[in-house]
Each structure stands twice: as structure tokens, then as C-alpha cells.
Amino acid sequence: MSWLRYFRRMRWDRERREEMESYVQIETDENIARGMSVEEARFAAQRKFGNATLVREEIYRMNTLQFLDSVFRAARQALRALRHNPAFTAAALLTLALGIGANTAVFSVVNSVLLRPLPYPHPEQLIALRQTAPGAAGLASVADGLLLSSSMYFTYAEQNRTFRALGVFGTGTAAVTGLGEPEQVRSVGISDGVLQTLGVQPALGRWIDAADQKPDAQQTVMLSYGYWQRRFGGDRSAIGRSLSVESRPRVIVGVMPLGFRVVDADFDLILPEQMDRAKAVLPGFGWRGVARLKPEATIAQANADIARLIPIWMTSWPMPGAMGLDGRVYQAWRIAPALCPLKDEVVKNVGSLLWAVMATIGAVMLIACANVANLLLVRAEARRQELAIRAALGAGWATIVRELLTESVLLGLMGGALGIGLAYEGLRLLIAAGPANLPRLNEISLDARALAFTLAISVASGLLFGSLPALKYGGRRIALGGRTFSADRERHRTRNLLVVAQIALALVLLVSSALMIRTFQALRRVDPGFTKPEQLQTVRVTIPFPQMPNPERVTRAQQAILDKLAAIPGVISAGFASAVPLEGIEPNWDVIGVEGQGDPSAAMARGEIPPLRFFKNVSPGYLRAMGTKLVAGHDLAWSDVYSQRRFALVSENLAREFWGSPSNALGKRFLEIPRTPWWQVIGVVENVRENGVDQNAPAIVYWPTMRDNLYGPGPLNAVRSVAFVLRSDLAGTESLVKQIQQAVWSVSGTLPVATPRTMQDMYSRSLARTSFTLVMLAIAGAMALLLGLVGIYGVIAYAVSQRRREIGIRLALGAEPANLKRMFVRHGVTLAAAGVGIGLPMAAALVRLMKSLLFGISPLDPLAFATAPAVLVFAAALASFLPAQRAAKVDPVEILSSE
């Protein structure tokens, strides 16, 4: 039978009925013509035709899928039953909607971030060019992943055997002028091969290609779709127009499509880097790499290919002239390829966080299922006599089970439908509350896969919580209830076990939440190396080389801006630096050699590289503005900067490492690289958490903002892009930002003021991952606690309702109401204690997986493991007290008279 006939069977039945009635009418008319009366004629016609109802039923059965028909019939019956029990239906649907909605929302994040392919053609062929350098002591960032130099790019791009395309890129900012007010925008500098690797065609115009990358080529630029819309109103004639970037005209050659990112980098402009192969040297490790494998190549083969090229790179390119060394010095770093799928590079370590959150929300779903199972058990007990009568009248075990499961699955589907609405709103909150550095944040959405997940979890949960009452009460041999029906302890055992399971799971989530709270407290206690971040306003100002080539003029312009900023009413102090803590800018680094502690030149000539150190350039007054303490010595002065005195500051941990104490470091000398002049330590700065409050403070050298050329004789170097810091109670206000803009423009009207934000914003961002995890686990823990307490309340309340006769007799015989209260409260606390006893070992085993999320505490933190059970047992006692109090108020006269 075709599906079409099944869905049109009602029409077929109507047509057959009309045919049969027509036949009977024709036969009746013929009988009347033969001389019969009307009644005799119709009776004779019906007798000749036979039983019309049986014929219609046979035709209906022929056009019916029995299983589907029985399911629809069971669904209609279930809907009627649910409609007649609104309180039960509302409680079950609310519980399921919360559980399914939370799971759907979190799964949407997991799906969008971890499971969905990257939005590039054949994303499985894309890899990130990662390298390790475990021998580069002193810099964790290098040990974890060494970026590429321009000479590495040339070597790998020209001599590899496994890639179809390869390129390097770096993120930054660029000043755009000539389109209204000066503007600092996000930029991505790319080499040839990046766009070819990613393979996404421009929405308008063309790619930046190899011709644009030649050092003497015309300056070109590509726009993001958003910047094109915002600045050019989507005008297609923007292609070919000129745009002033960093005071240089660039021709717009293309616009990338909406949503396109260079790996994980959002941007406004794409700029060709125009690397000069003739000037490339070995160092300069500042580029991220991306490549597309050939169809027949694997990551293992690509790793072997790059490992083959690293020695070739070391011997093919020079070191900077003043160093007098060659590539053999990098042998000590033990540079090795660590290529990985590009998706892993984008996602980084957020996968473990999201799966942990998914697991916690999944535990909440199990608790919700246990709660609904308890509700269904109560309802099934109320229907016990009905089910027993149906079984006695011949209803099969399979029929009753099917109808009970249909009702539970229908509940699951209805709860899922409501959950989708909650998930949509919850997803908006998740995106808003999620860490700003959560990868692919703009791609998170409720898609077809998320809806399929909702359908699957709705059906699975319906089968899960419906299986217990269906199997327990769906059998043919169901006894009719009597007066002692409520006293049967056997019937309460399943419900008690479900509550114990709920409490055990809730305890695991509460312990996890407590650990994250303790972690957050430990992070808040860390001294970051600056004070009152809510008072610190930062802005970034960049002075392009074409606008101001002379480095001393750059520094004097920055000082002039600083003086203008310090004169703003309400500003307490001001300074600037190449980067402020927690800003996320990759720091400069190199080796240093300390006078009297071995010759670094000789060590490097032997292939040994001293430990690497972070470098930062700071202005006089920067430390005071930040609230960073000088442990010993004094700050830099502007006279030191302009007279080019070789004075520097060092961090406290660096001073203790080389000279034993901060005071001993004063007056000592060190050099940056071999064969360069000595620098003298004039001050020691307290340790600063540059990379995050959960990261150790690195050893840092603080250089002046203008200094000599690093690699030999030549012009001075000035830091052109600096972050100004103002300490003011007005930090974060729009009025202060406007005054800062006016102060900068009073020095130069073409300088844009970029990324205005407070240190509190950056401080909060550094805690965002922990805060996000804390919020998610707190929500999961609160939901689990609430559902667990509802479960205990339901069990005790049901026990009270079923034992009212027993309670009345006890009270009539002189039992004290207080003793009755204690009896029921004891029952609830016993269930909670049993759940705690099971949950504690589970928590101890599972929270070890959270070790990477914790800071400053042990996974077996005693306070967390003591507090969570205490809260749970206390709350369980309160949940048991309300029905226990109701039991103590039972009127024994009323109960006995009803007997």
C-alpha cells in the first residue's frame, strides 16, 4: 500500500460509503418498481448487499498502516490524558524545557565552535604551520609555539613538497585618513599564498596577488565586507579608488565576502607585506603560517617535509650583521615542526572547556529526566486501578507499554519544542556572557544540526524517563489497590533511588561550581602589578613613518601628547608604553648577557643561547600612572631618553635571578645581544602579570621609548605605536575619550585614537574564561540543586499524602507532632546523605578532569568538598520540612471519620 493511500484513506472511506449507499438506493428503487413497499424494498436491498459496516472496515484496514495508526491513536489518547492533568503536565513540561533548552543552547555553541567545518573550501586540507622550540629557555611562548620568520616563509614556500599553497600573516592596526576623522582600524598583513591557501573568492574585485607583494609594486589594499559597507556604503565603484593607510595612498583592489576571516583574525583591511627576499635574515619570528596540503599528502608527511627544511633554513640565511653569528646558534633551540589541522589552531584549548560545560549540562538533563520519571511514577500509581482493569479486559502488555511510552515521548517532544524557544534566548545570553576570545563566536547559531540534536534528546529523554513506569505498571498482572495500598514500601523504592541519583549528580555539579568559585577568588587575590584598574584609561596612538620619519621627532610628539593628556582636568597621572599588561600584544624578546656572569658571545658561538627575556619600552611616568611599584632605584627621566643614556629598568624576578636581590641589581650592567654596548640598571620594578593573572609574571627588561639601533650603527629607533595610560576617576566615560581625542589632534590632526578601553576591561577579559566557566557551572549547579530538592520534596510530599491514614491513627494514639516531623525530615535527609555518599567519590574522580581550569587550589580542595555536601544536606532538610509540617497538622478525627 502506498503512503498516499494511507493519508487519503478518510476520503476513500467516504467515497466507498457513497458508492454503497448508491447501490442500495438503486436496488431499493428496483424493488419498489416490482411492487414492494418502500420499507420492504429498502430492507430487501440491504439484505442483498450484506453488512456495509464490515465492508467499510475491511476497506479501511486495507488502506491503513496498523502501526502508524495505533501510534496516532495512542498520541491522541495521551494528549487527552495530559490535558486532563494540567498541574502534572505543566510541571513535567517546565522541567523538560529547562533541561532540553540548556542542552540545546550549549550544544549549539559546541557545534558551531568545535564540530562545524571551517568556512573555507575543503577545510580538511588546511593546516597551521606551528613549530616548537623546547630549547629556547626563558620564554614559555616560544617553547609552546615558535612563530615563523620571513626567511622561514621563503624557505618553506619555495622548497616544500607537500603543500599546494603556503603563506604567513600577522595582525595589527593601521591608521586611515582622508575619510572623515582619522581612524585606527584592524589590519592583517599577508604574504603571497595566504588568500590562495584559504581559497575564498572576493565578493568584489580581485585578490592581492604575487605582483602586489613585490617590494617596488604599487601599494594596494583589500577591504572587509563590513568596512566596505560602513565607509563606502556598499558602493561598487570603491574598487580602484585610493585609500590613505599609514599616510600612504593604497589602491582598493577587492572586497572579501561577509563573515570572512583570515583564520581567526577579524579585520577591516588586508595589506600585502611586500617582503624583500634580498634583505631577509634568520630571526624575526613574528609570523603565523597557514598552508593547504596537496590532495595526496598527510600531516605526518608535511611534518617530515618541514623537518627536512629547517636545517636548510639555518644554513641559507644570514644573521643580522652586528651579531657576527650564523644559523647554528638556533640548533640549541631544537626547532621542530608541530603542524596541526587549522581548525585545532582556531579552536585552541577551548575544546576541553566546552566539552566540560556540555557534560555538566548533560548531567542536569539526567536529573530532569529523573524528576519527570518520579512524576510519571506517581501518576502511574494513581492510574493503577485503571491499568489493572484494562489488563483484565484483555489489553496486552505491549499495548499498555506502548501507550505509556507514547505519552512520555510526547511529553519529551513538547518539552523539546518549548526548549527550543528557551535555547534561542539562552544562546543570546551565552554569546553575550561568553569570553570575547571564544573562537568563532560570530558563527554560533541554532542550525539544522542543533535542531536534530534537540529532536534526538527529546525522544531519548522521553524513552528514558518513560521506561520505568511503563515497565513497572505496563504488565497484565497489576493488582487493584486497597486500603493498605499506600503502605507498600516496595512501591516507593524506585522513587527513592531516583532521588538518590539526582542528589549524587547534583553534588558533582555543586563541587565543580565550588571549585570554580574558589579559583575565581584565588585569581582575584593575585596582585597583577598595577592598582585600581577601573581608574586606568588606555588608548593607542600610532605615528606612521611617512608622516614623521625622524625618530626623535616621534618621541617628542609622543611627549607633547602626554603633556596634553596630563593637563586634562581630572587626570591624576599619565604615561605610555609599547604595550600595557593584558593587552594581548605579542611582546618583543631576545637574549641578554650579564656582566661578570660569562661571555654570551662565546656561548652563542658554541651554539648555546642564553635564556630569552621579554622587552618593553616605557616612558617616564608610565609606572606611576599604572600604579606599578619601584622595588629599588628610580624611574627613567626624559633627560635620560634624549641624551641617550644607556639606562634601563628590570623586573624584580629578573633582578633576583641574576643578582640575588633588587638592591644588588642597581648599578649592574647587561647587554642585549653580543657585541653591543652595556646597559646599566637604575631601577627594579615589581613583577607584573603581563599575559594574564593566571600566568606567571615574566622576567622583563624595560627600555626607554627611544634608543640606539639594535643591529649596529644607524639612526635611532623610536616606538611608533604606543598605548597611553591615564589615571582618572573619569576612566571609561565618553567625555574623557573625547578630551583625549582633542588632546591628540591638538598635536597632530591626522593621528587616530584607537581602542579606547579601561584596564578593568582588559583585566575582566583575562578572567573571561574562568568567569564563563564559573557562570555556566553555577547555572548548572543551581538547576541541579533545585531539581534535586524538588525531587526530595516530591517524595516526602507523596509519602505524606499516601500515609495520611497511618498519620491520623498515630496522632489519635498519642504520637507527638514533632516526632512525626522528625520522621519525615529524617527520611529526606537520609536520601540526601545517601546521594552525598555516592556523589563524593564520583566528584573526586571527575573533578580531576578540571585541573586545567583551576588556579591556586587543588582539584580535591577540602573547603569545596566540605561546603557542597553541607549545603545540599541542609537544603534537603528544608525541602523535607514543608511536607513534614503538613503531616503534623493532619486532623485524626477527620481521617478516622472518613473510614
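Quick caveat, the model's predicted, so the values are computed rather than measured.

A. Looking closely at the overall build of the protein. On a plain count of helices and strands, the protein comes out with 30 helices and 26 strands. Going through the 899 residues of the protein one by one, you find that 52% of them count as buried. Contacts in the protein between residues at least 24 apart in sequence constitute 81% of all its contacts with a sequence separation of at least 6. By element, 58% of the accessible surface of the protein is carried by carbon and sulfur atoms, the whole surface being about 39,900 Å².

B. A look at the pairing of strand β10 (residues 288–293). Buried residues dominate β10, accounting for 5 of its 6 residues. Two elements, strand β1 (residues 126–128) and β10, share 3 bridges in a ladder whose sense is antiparallel. Paired with I127 across the two strands is A291, which belongs to β10. Where strand β3 (residues 163–177) meets β10, 6 bridges bridge the pair, whose relative direction is antiparallel. By the bridge assignment, F163 is partnered in β10 with L293.

C. Main features of the nonpolar core. Residues L354 and L411 are the most contacted members of the largest nonpolar core, which totals 95 residues. Residue contributions to this core peak at 17 residues, all from helix α13 (residues 350–382). Once residues lying within four places of it in the same chain are set aside, the contact partners of L411 are L82, F88, A92, L93, L96, L376 and F465. Core analysis: the second largest hydrophobic core is formed by 62 residues, L166, W589, I700 and V725 among them.

D. View of the packing of aromatic side chains. Using the criterion set out here, one finds 20 aromatic pairs in the structure. Note on F107 and F453: the rings are 4.1 Å apart at their centroids and 10 degrees apart in plane angle, and the pair reads as stacked. With a gap of 346 residues between them, F107 in helix α6 (residues 86–115) and F453 in helix α16 (residues 448–473) connect regions that are remote in the sequence. Take F107: its relative accessible area is 11%, and that puts it in the buried class. With a centroid separation of 6.1 Å and 40 degrees between ring planes, the pair formed by F576 and W638 is classed as tilted. Of the two residues, F576 sits in strand β14 (residues 571–577) while W638 sits in helix α21 (residues 638–642), which places them 62 residues apart along the sequence. In this structure, F576 and W638 share a single accessibility class: buried.

E. Fine view of the environment of E657. The topology assignment puts E657 in helix α22 (residues 652–659). By relative accessible area, which is 45% here, E657 ends up partly exposed. On a C-alpha basis, the gap between E657 and A699 in space is 9.1 Å, while along the polypeptide they are 42 residues apart.

F. A look at the packing of helix α8 (residues 150–159) against helix α11 (residues 299–316). With their axes 10 Å apart at the nearest point, α8 and α11 run at an angle of 130 degrees to one another. Relative to α11, the element α8 lies oblique. Remark: the crossing between α8 and α11 carries right-handed chirality. Along its contact with α8, which presents S151, M152, T155, Y156 and Q159, the element α11 presents I306, R308, L309, I310, I312 and W313. Among the residues making up the contact of α8 with α11, the classes are represented as 7 nonpolar, 3 polar and 1 charged.

G. Representation of the environment of A579. Examined against the element boundaries, A579 turns out to sit in the loop between β14 and β15 (588–591). What makes A579 buried here is its relative accessible area of 14%. Measuring from C-alpha to C-alpha, the distance between A579 and F724 comes to 9.0 Å, with 145 residues separating the pair along the chain. The contact partners of A579, leaving out residues within four places of it in the chain, are R540, I585, K616 and Y622.

H. Just a nonpolar patch on the surface, in detail. A contiguous nonpolar patch, built from L94, L98 and L422 and spanning about 270 Å² of accessible area, is present on the exposed surface. Relative to the elements of secondary structure, L94 occurs in helix α6. The exposed category is assigned to L94, whose relative accessible area is 54%.

I. Structural detail: unusual backbone geometry. Within the chain, H122 stands out as a residue other than glycine whose phi angle is a positive 45 degrees. Among the structural elements, H122 can be located in the loop between α6 and β1. Backbone geometry at R334 places phi at a positive 55 degrees, although glycine is not the residue there.

J. Geometry of empty space enclosed by the protein. In the structure shown here, the tally under the stated rule is 4 cavities of 30 Å³ or more. If you add up the space inside the second largest cavity, you get close to 60 Å³. In terms of lining, the second largest cavity is formed by L118, P119, Y120, G259, R261, V263, V346, R440 and E443. The residue inventory of the lining of the second largest cavity, partitioned by class, reads 5 nonpolar, 1 polar and 3 charged.

K. The arrangement of the side chain of E686 in detail. Relative to the helices and strands, E686 resides in the loop between β21 (679–685) and β22 (700–704). For E686, the side chain forms a polar contact with the main-chain nitrogen of K629, separated by 2.8 Å. When neighbours within four sequence positions are excluded, E686 is seen to be in contact with D527, G529, G627, T628, K629, V631 and E652.

L. Fine view of α22. Within α22, the full set of buried residues consists of E652, L654, A655, F658 and W659. One face of α22 carries all of its buried residues, which in axial projection span an arc of 160 degrees. Where α22 ends, the next residue or the one after it, G660, has phi of about 90 degrees, a positive value.

M. Up close: the pairing of strand β8 (residues 248–255). With 2 bridges joining them, strand β5 (residues 204–205) and β8 adopt antiparallel strand pairing. Directly across from G205, in β8, lies its bridge partner G254. The pairing of strand β6 (residues 220–223) with β8 spans 4 bridges and is classified as parallel. Counterpart to V221 in the pairing with β8 is I252. Taken together, the 4 bridges between strand β7 (residues 242–245) and β8 define a ladder with antiparallel strand orientation. The partner of S244 across the bridge, within β8, is P249.

N. Representation of helix α24 (residues 734–747) within the structure. Spanning 14 residues, α24 covers 21 Å between terminal C-alpha atoms, matching the ideal 20 Å at 1.5 Å per step. For α24, the full list of buried residues reads L736, V737, I740, A743, V744 and W745. Against the buried residues of α24 lie β13 (536–542), α18 (551–566), β14, β25 (721–728) and β26 (754–758).

O. Spotlight on the pattern of salt bridges. In the structure shown here, the tally under the stated rule is 26 salt bridges. E183 serves as the salt-bridge partner of R231, at 2.9 Å between the closest nitrogen and oxygen. Pair noted here: R231 is in helix α10 (residues 225–232) and E183 is in strand β4 (residues 183–190), with a separation of 48 residues, a long-range link. In this structure R231 comes out as partly exposed when scored by relative accessible area, which is 27%.

P. Summary view of the packing of helix α27 (residues 804–812) against helix α28 (residues 817–846). Packing of α27 against α28 leaves a shortest axis separation of 10 Å and a crossing angle of 145 degrees. Taken as a pair, α27 and α28 cross one another with a handedness that is right-handed. On α28, the residues touching I807, R810 and L811 of α27 are P817, L820, M823 and F824. A class-by-class count of the residues in the contact of α27 with α28 yields 6 nonpolar, no polar and 1 charged.

Scoring rules and cut-offs
- Residues numbered from 1 in each chain as written.
- Predicted model: local features only at pLDDT ≥ 70, side-chain atom pairs only at ≥ 80, totals over all residues.
- Heavy atoms only, no water.
- Helix = DSSP H or I, 4+ residues; strand = E, 2+ residues; numbered from the N terminus.
- Buried < 20%, exposed > 50% of the residue type's maximum accessible area, 1.4 Å probe, protein only.
- Contact = heavy atoms within 4.5 Å.
- Areas by Shrake-Rupley, 256 points an atom, 1.4 Å probe, with all protein chains shown as cover.
- Pairing = 2+ DSSP bridges.
- Core = buried A, V, L, I, M, F, W, Y, C linked by side-chain atoms within 4.5 Å.
- Phe/Tyr/Trp six-rings, centres within 6.5 Å; stacked < 30°, edge-to-face > 60°.
- Axes fitted to C-alpha atoms, helices over the stretch in contact; angles between N-to-C directions.
- Parallel < 35°, antiparallel > 145°, perpendicular 65-115°, else oblique.
- Left-handed = near helix turned anticlockwise from the far one by under 90°.
- Nonpolar A, V, L, I, M, F, W, Y, C, P; charged D, E, K, R; others polar.
- Patch = residues over 30% accessible without salt bridge, like charges linked within 9 Å, V, L, I, M, F, W, Y side chains within 5 Å.
- Salt bridge = Lys/Arg side-chain N within 4 Å of Asp/Glu carboxyl O.
- 1 Å grid on protein atoms, 1.4 Å probe; cavity = no way out; pocket = protein on both sides within 12 Å on 5 of 7 lines; lining within 4 Å.
- Points joined across faces, edges and corners; volume = space filled by probe spheres on them.
- Polar contact = N/O pair within 3.5 Å; in protein donor to acceptor, adjacent residues only side chain to side chain.
- Arc of directions from axis to C-beta.
- Expected span 1.5 Å × (residues − 1).

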